[in-house]
Amino acid sequence: MIIPVRLGEASYDIEISRGAIDLAAEKIMKKDRKVCVVTDSGVPTEYAERLLASLGNGAILQVFPQGEANKNFDTLQGVLRTMLEAGFTRSDAVVALGGGVVGDLAGFAAATYMRGIDFYNIPTTLLSQVDSSVGGKTAVDLDGYKNMIGAFWQPRAVFIDPDLLATLPSRQISNGLCEALKMGATSDPELFELFESNDVLAKPDLIEEIIIKAITAKRDVVEIDEREGGLRKVLNFGHTLGHAIESSCGLSLLHGECVALGIPPMCESAELKERLAKTLGNIGLDTDAAKYISDKNTVLEALTHDKKSASGGKISAVLLKDIGSFEFVKLTPEELIERLD
Ligand code: GLY
């Protein structure tokens, strides 16, 4: 299955198929081309070995330690220096093999090396397959602020291989499903219905359909608003409170788990809130934020520091009015915190 992303000269295809990792080399490799495969220590070495073997002699591997804490300038510099020392030129390429951290960092290395070289993404987690691998956001963190330094740099192609999910722990599956459910809630009632009427965790065969639907919905948003001037902000549904909870509770919760806590408070009616909480529960996600927040002031502090979405003391957020219907609202950090009650 190929999903085209139409962005003029920056258009590209997302290929979704079992075994896609083995088809990637044919599309990436050109005569005499060098390729830097960037991955982290959490990605099974077998995947990197497979990819390197198919890419052939021109490929080198750069591995960095797993974790958001390494999405920084030091790691970026390591990748850039490796490419410089290996004599990479403008016609060479970077390939991300991993989750969101790898994709963001490798994409930013591609965006900045010699003012920009080709970038390919092979996401290996469900979270990155349904969300971050698509849309061209690349970045590193700075001084504790996530994604502060980055660029929009669209990949030349994305290869999504659902077979790579076989090694993922179930907690990571729920983590990724949250972003797909979010896409369904705001933009694709059919996708949401799939979550509502199936025990998705017990039907792994549904995962491929979910990936396709979630990416198609995200693609439709990105094609209208590549640079997040307006509509793309809908992808932040549940993320305003979710990010604040994520930074206030350290590393104990995964991204999707925090977004799940941030979704029900951003539903307009009690009935809708209940519906979302139940559906999130079906995919193994807790929505009882009180259990995880020991001090609301730390969440308030994190909201106040959310430089990305704050303007004039108010923070942009997405309010879900119904499945497939939302509006953008501006709320003070205090008003957002009240919604947690
Ligand atoms: N993950 C949100 C976006 O791509 O805009």
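Only a predicted model underlies this, so the values are computations on that prediction, with no experimental measurement involved.

K.L.:
Before we move on, could you go through helix H11 (residues 270-282) and cite the residues and values that matter?
P.N.:
Taking 1.5 Å as the rise per residue, H11 with 13 residues should run 18 Å; its terminal C-alpha atoms sit 18 Å apart, in good agreement. Turning to H11, the residues buried within the fold contact helix H6 (170-187), helix H7 (189-196), helix H10 (255-262) and strand S11 (314-322). Immediately beyond the C-terminal end of H11, within one or two residues, lies Gly284, with a positive phi of roughly 80°.

K.L.:
So what's going on with the site of the ligand? Which residues, and what values?
P.N.:
As a structural note, the neighbourhood of the ligand is formed by Asp131, Lys137, Lys218, Glu228, Arg232 and Leu235. One nitrogen or oxygen atom from the side chain of Asp131 is found 3.1 Å from a nitrogen atom belonging to the ligand. Contact distances for the ligand include 2.7 Å between an oxygen atom and a side-chain N or O atom of Arg232. Here the ligand, which alone exposes 200 Å², has 86% of that area covered by the protein. Residues of the shell around the ligand, tallied by class, amount to one nonpolar, no polar and five charged.

K.L.:
Give me the packing of helix H9 (residues 239-248) against helix H12 (residues 296-304): which residues, what numbers.
P.N.:
Between H9 and H12, the shortest axis-to-axis distance is 8 Å and the interhelical angle comes to 115°. As for the relative orientation of H9 and H12, their crossing is right-handed in sense. For the pair H9 and H12, contact is made by Thr240, Leu241, Ala244, Ile245, Ser247 and Ser248 and by Thr298, Val299, Ala302 and Leu303, respectively. The class makeup of the residues in the contact of H9 with H12 is six nonpolar, four polar and no charged.

K.L.:
If you had to explain the pattern of salt bridges to someone new, which residues and values would you point to?
P.N.:
Summed over the entire model, instances satisfying the criterion amount to 26 salt bridges. A salt bridge links Glu228 to Lys137; the shortest N-O distance between them is 2.4 Å. Placement of Glu228 in the loop between helix H8 (206-224) and H9 and of Lys137 in strand S7 (residues 137-142) is noted, with a sequence separation of 91 residues between them. Linked by salt bridges that have partners in common, Arg6, Arg219, Asp220 and Glu223 make up one network.

K.L.:
Explain the pairing of strand S12 (residues 325-331) to me, using residue names and the numbers behind them.
P.N.:
Pairing of S11 with S12 involves seven bridges; the strand directions are antiparallel. When the sheet's bridge partners are listed, Val318 is paired in S12 with Phe328.

K.L.:
Could you give an account of the environment of Phe108, with specific residues and numbers?
P.N.:
Take Phe108: it is sitting in helix H4 (residues 100-112). Between the alpha carbons of Phe108 and Arg90 there is a distance of 15 Å; along the sequence they are 18 residues apart. Here Phe108 is in contact with Leu76, Thr138, Ala139, Val140, Ile149, Gly150 and Ala151, once residues within four sequence places are set aside.

K.L.:
Can you lay out the side chain of Lys182 for me, pointing to particular residues and giving the numbers?
P.N.:
Examined against the element boundaries, Lys182 turns out to sit in helix H6. Take Lys182: its relative accessible area is 1%, and that puts it in the buried class. Of the polar contacts made by the side chain of Lys182, one reaches the backbone oxygen of Leu235; its length is 2.9 Å. If we ignore the near neighbours within four places in the chain, the residues touching Lys182 are Asp131, Leu235, Phe237, His239 and Ile263.

K.L.:
Account for the sheet that holds strand S5 (residues 93-98), naming residues and giving values.
P.N.:
For sheets, the rule is that strands pair by backbone hydrogen bonds, running either parallel or antiparallel. Taken in spatial order, the seven strands make up an open sheet running S1-S2-S9-S6-S5-S3-S4, and their pairing is mixed. Each of the sheet's edge strands pairs with one partner strand only, and the pair in question is strand S1 (2-5) and strand S4 (59-64). Neighbour-to-neighbour, the strand axes of the sheet open up by a mean angle of 15°, direction not taken into account. Relative to strand S2 (residues 12-16), S1 runs antiparallel, the two being bridged by four bridges. Among the inter-strand pairings, Val5 is bridged to a residue of S2, identified as Tyr12. On top of the sheet, H4 reaches strand S3 (35-40), S4, S5 and strand S6 (118-123); it is set at about 175° to S5, its chief contact. Across the face of the sheet, H8 comes into contact with S1, S2 and strand S9 (157-160) while running at roughly 10° to S1.

K.L.:
Residues and numbers for the environment of Ala59, please.
P.N.:
Residue placement: Ala59 occurs in strand S4. Judged by relative accessible area, which is 17%, Ala59 ranks as buried. Placed 206 residues apart in sequence, Ala59 and Pro265 show a C-alpha to C-alpha distance of 47 Å. In this structure, Ala59 is in contact with Met29, Val35 and Leu52, ignoring residues within four places of it in sequence.

Analysis parameters
- Residues numbered from 1 in each chain as written.
- Predicted model: local features only at pLDDT ≥ 70, side-chain atom pairs only at ≥ 80, totals over all residues.
- Heavy atoms only, no water.
- Helix = DSSP H or I, 4+ residues; strand = E, 2+ residues; numbered from the N terminus.
- Expected span 1.5 Å × (residues − 1).
- Contact = heavy atoms within 4.5 Å.
- Near = heavy atom within 4 Å.
- Polar contact = N/O pair within 3.5 Å; in protein donor to acceptor, adjacent residues only side chain to side chain.
- Areas by Shrake-Rupley, 256 points an atom, 1.4 Å probe, with all protein chains shown as cover.
- Nonpolar A, V, L, I, M, F, W, Y, C, P; charged D, E, K, R; others polar.
- Axes fitted to C-alpha atoms, helices over the stretch in contact; angles between N-to-C directions.
- Left-handed = near helix turned anticlockwise from the far one by under 90°.
- Salt bridge = Lys/Arg side-chain N within 4 Å of Asp/Glu carboxyl O.
- Pairing = 2+ DSSP bridges.
- Buried < 20%, exposed > 50% of the residue type's maximum accessible area, 1.4 Å probe, protein only.

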